[in-house]
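Coordinate inspection notes
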Amino acid sequence: MEFSIKQGSPEKLRSGCVVLGVFEGGKLAEAAQALDKAAQHYLSDIIAHGDMTGKKASTLLLHKVPNIQSERVLLLGLGKRDEFGTRQYLDAVRAAMRALQYTGAKDAILFLAELPIKGKKSAHAWCISQAVLAAFETAYRFDRLKSKADKDKKSLRKIYFGLLSSKQDAALDTALTQAVAIAQGINLTKDLGNLPGNVCTPGYLAQQALTLAKEHKSVKTTVLEEKDMHKLGMGSLLSVTRGSSEPAKLITLEYRGGDKKQKPVVLVGKGVTFDTGGISLKPGAEMDEMKYDMCGAASVLGTLQAVAEIGLKLNVVGIIPACENMPAGNATKPGDIVTSMSGQTIEILNTDAEGRLILCDALTYAAKFEPDTVVDIATLTGACIIALGHVASGLYSNQDALAQELLAAGEQTQDRAWHMPLWDEYQPQLDSNFADMQNIGGRAGGSITAACFLARFTKDYRWAHLDIAGTAWKSGKDKGATGRPVPLLTQYLINCAGKK
Ligand code: BES
Ligand code: MN
Ligand code: ZN
């Protein structure tokens, strides 16, 4: 799909379909009024007949509208004008993208970027970015493992964003390129998440990281093997992979876009390519969904791809501990005690709390890059889904300012997180009778105690943790990876680069 910005009046621009907004009560948005005038009130007549009321996210496709250059007009209901905010815009733009898919139009021009959005001043760039994400979202298919790919070829190839009154400036072009890069990063993350555990193994993730380095000169990938991890003393990470026949990998991607001396932002992504629970075996129902337990890793790859594609002037390092969590004769048992790379010992009371065991060693390893900031991303706890559902990712940080920056990036991209407590009062839940700590803290506050566990390994730098168990994929009939939190992470890095 291609995108570009065009300035002009909607009746004069040529396209397969021009998309125009109508508010509830039949009030035409500004661009629609302009076209209506040229078309001698063709649109207002239709509205007067009651065929388009402006009900939010409704659509009406019209052919052969007189006196205009486009083949079709798609009227898009926006709902009540005084309620038209970011949510309403997103619902409307998604409805438009869906409706366009079912037309024969090869290209379309959307006059939606100048709509007045409640609570947002001059939101043109934001409107364009979100429309790009919506276009990719509706076009996304994962059919590479079906023997016959989906036949109904979509004809839509090109989307223009029409501007009626505002100037097409560099800021809008930047927003557009960045949004396309983020959308492609999301697609990579979704693909990796959707691939089954027998295809997307730790070795497969390593291959992906190497491919990324091949495609972008600015990215350097290194892959450590289990013997290297032994040498580094990663007893915690290695305890998780013991029962698996797939070799674990520790993948590092270094993107150098900033000054040589500038300290990098390090992203650490949980890459459990399948989580059976190990000896603390999970119940059978929906266990297939544990193929998504590498979505943290996938979001690191997606974000690095986006960052490299944008050419961001910032140093970013991605670290991916990748392995499987399997039961076996030699697998780690409840009660086993291991020594992490940090030297701290861990009593493993539940082998299903494995994410924190691989992350703690990766987080210790991260210090080697002298980070400015470290953010880890993990499908860490079912408890986070209970706390926040599938709407917000759980955000924890040892620095409030960092938490605020991440929250803001999530707000900007509508990929939201919620700030959770990381108070010392929760730490005693991890006390062990036999080791420095145990790997579970009981049922109460399960997402928080998981974060508290990680906090014990991140004292030396600015750190945040995103629990994406509820946001990385959708269950049910439309099950699949969402590509979150690639938008949040990439926007955060864009904002960081802007400050430097
Ligand atoms: N990968 C899971 C977390 C998870 C569960 C993500 C369900 C998405 C949906 C993680 O490794 C895990 O099993 N966590 C346990 C921790 C518990 C044993 C303390 C959990 O959440 O049940
Ligand atoms: Mn688990
Ligand atoms: Zn897991």
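Please refer to the structure placed before this passage.
What counts as what
Residues numbered from 1 in each chain as written. Chains lettered and ligands numbered in written order. Predicted model: local features only at pLDDT ≥ 70, side-chain atom pairs only at ≥ 80, totals over all residues. Heavy atoms only, no water. Helix = DSSP H or I, 4+ residues; strand = E, 2+ residues; numbered from the N terminus. Rg over C-alpha atoms; globule rule 2.2 N^0.38 Å. Contact = heavy atoms within 4.5 Å. Areas by Shrake-Rupley, 256 points an atom, 1.4 Å probe, with all protein chains shown as cover. Lys, Arg positive; Asp, Glu negative; His and termini not counted. Charge placed at Lys NZ, Arg CZ, Asp CG, Glu CD. Donors = N, O, S within 2.8 Å, 3.2 Å for Na, K, Ca; no water. Tetrahedral: all angles 85-135°; square planar, octahedral: opposite > 155°, others 65-115°. Buried < 20%, exposed > 50% of the residue type's maximum accessible area, 1.4 Å probe, protein only. Near = heavy atom within 4 Å. Polar contact = N/O pair within 3.5 Å; in protein donor to acceptor, adjacent residues only side chain to side chain. Pairing = 2+ DSSP bridges. Phe/Tyr/Trp six-rings, centres within 6.5 Å; stacked < 30°, edge-to-face > 60°. Lys NZ or Arg CZ within 6 Å of the ring centre and 35° of its normal.

**So, the overall build of the protein**
- Each helix and strand counted, the protein has 14 helices and 21 strands in total.
- Taken against the 2.2 N^0.38 rule, which gives 23 Å for 500 residues, the C-alpha radius of gyration of the protein at 25 Å falls within 12% of a compact globule.
- Projected onto the principal axes, the alpha-carbon positions of the protein cover approximately 80 × 50 × 45 Å.
- Relative to all contacts within the protein whose residues are 6 or more apart in sequence, the contacts with residues 24 or more apart total 77%.
- With the model as given, the accessible surface of the protein reaches about 21,100 Å², and the carbon-plus-sulfur share is 51%.
- Side chains of the protein give 58 positive and 53 negative charges; the mean places of these two sets differ by 6 Å.

**Focus: the coordination of the manganese ion (ligand 2)**
- Donor atoms from the polypeptide that coordinate the manganese ion (ligand 2) comprise Asp275 (OD), Asp352 (O), Asp352 (OD) and Glu354 (OE), at 2.1 to 2.2 Å from the metal.
- Here the manganese ion (ligand 2) binds six donor atoms, and the angle range of 71 to 168 degrees at the metal identifies the geometry as irregular.
- Here the donor residues of the manganese ion (ligand 2) are spaced in sequence according to D-x76-D-x1-E.
- For Asp352, a relative accessible area of 22% gives the class partly exposed.

**A few points about the environment of Cys496**
- Counting through the fold element by element, Cys496 comes out in helix α14 (residues 486-499).
- For Cys496, a relative accessible area of 10% translates into the label buried.

**Regarding the coordination of the zinc ion (ligand 3)**
- Those donors, Lys270 (NZ), Asp275 (OD), Asp293 (OD) and Glu354 (OE), are the protein atoms that reach the zinc ion (ligand 3), and they lie 2.0 to 2.4 Å from it.
- Considering all six donor atoms around the zinc ion (ligand 3), the spread of angles at the metal, 79 to 177 degrees, places the coordination shape in the octahedral class.
- For the zinc ion (ligand 3), the donor residues sit on a single chain with the sequence spacing K-x4-D-x17-D-x60-E.
- Between the two metal centres, the zinc ion (ligand 3) and the manganese ion (ligand 2), the spacing is 3.2 Å, with Asp275 acting as a shared donor. Pair noted here: Lys270 is in the loop between β10 (265-269) and β11 (271-275) and Glu354 is in the loop between β14 (345-347) and α10 (355-366), with a separation of 84 residues, a long-range link. Of the two residues examined, Lys270 and Glu354, each falls in the buried class.

**Some words on the site of ligand 1**
- Taken together, 17 residues sit near ligand 1, with Lys282, Asp293, Asp352, Glu354 and Gly382 positioned nearest.
- At 3.4 Å, a backbone N or O of Thr379 approaches a nitrogen atom of ligand 1.
- Contacts to ligand 1 include Gly382, whose backbone N or O atom sits 2.7 Å from an oxygen atom.
- Burial of ligand 1 by the protein chains amounts to 78% of its free accessible area of 510 Å².

**Some thoughts on unusual backbone geometry**
- Omega for the bond connecting Arg484 with Pro485 falls within 30 degrees of zero, at 0 degrees, which places this linkage in the cis form.
- Positioned with a positive phi, His41 is a non-glycine residue whose angle comes to about 65 degrees.
- Turning to its location among the elements, His41 is positioned in the loop between α1 (30-38) and α2 (42-48).
- The exposure class of His41 is partly exposed, given its relative accessible area of 45%.
- Even without being a glycine, Ala57 presents a positive backbone phi close to 65 degrees.

**Regarding the sheet that holds strand β13 (residues 337-339)**
- Read from one edge of the open sheet, three strands run β13-β14-β18, paired in mixed fashion. The open sheet has two free edges, formed respectively by β13 and β18 (437-438), since each of these has just one partner strand.
- As paired strands, β13 and β14 are joined by three bridges and run antiparallel to one another. The residue bridging Val338 from the neighbouring strand is Ile346, located in β14.

**Considering the packing of aromatic side chains**
- Taken as a whole and judged by the stated rule, the model has eight aromatic pairs.
- With centroids separated by 5.5 Å and ring planes inclined at 50 degrees, the aromatic side chains of Tyr89 and Trp126 adopt a geometry described as tilted. Separated by 37 residues along the polypeptide, Tyr89 in helix α3 (residues 86-101) and Trp126 in helix α4 (residues 124-139) bring together distant segments of the chain. Across this residue pair, the class does not change: Tyr89 and Trp126 are buried.
- When the centroid spacing of 4.8 Å and the interplanar angle of 20 degrees are considered together, the rings of Tyr292 and Trp473 count as stacked. Of this pair, Tyr292 sits in the loop between β11 and α9 (295-310) while Trp473 sits in strand β20 (residues 473-474), and the two are 181 residues apart along the sequence.
- Residue classification places Tyr292 among the buried positions, given a relative accessible area of 1%.
- A relative accessible area of 8% means that Trp473 is categorised as buried.
- The structure contains a cluster of three or more aromatic residues connected by ring pairs, namely Phe3, Phe136 and Phe161.
- Sitting over the ring of Tyr140, Lys190 keeps its end group 4.5 Å from the ring centre.

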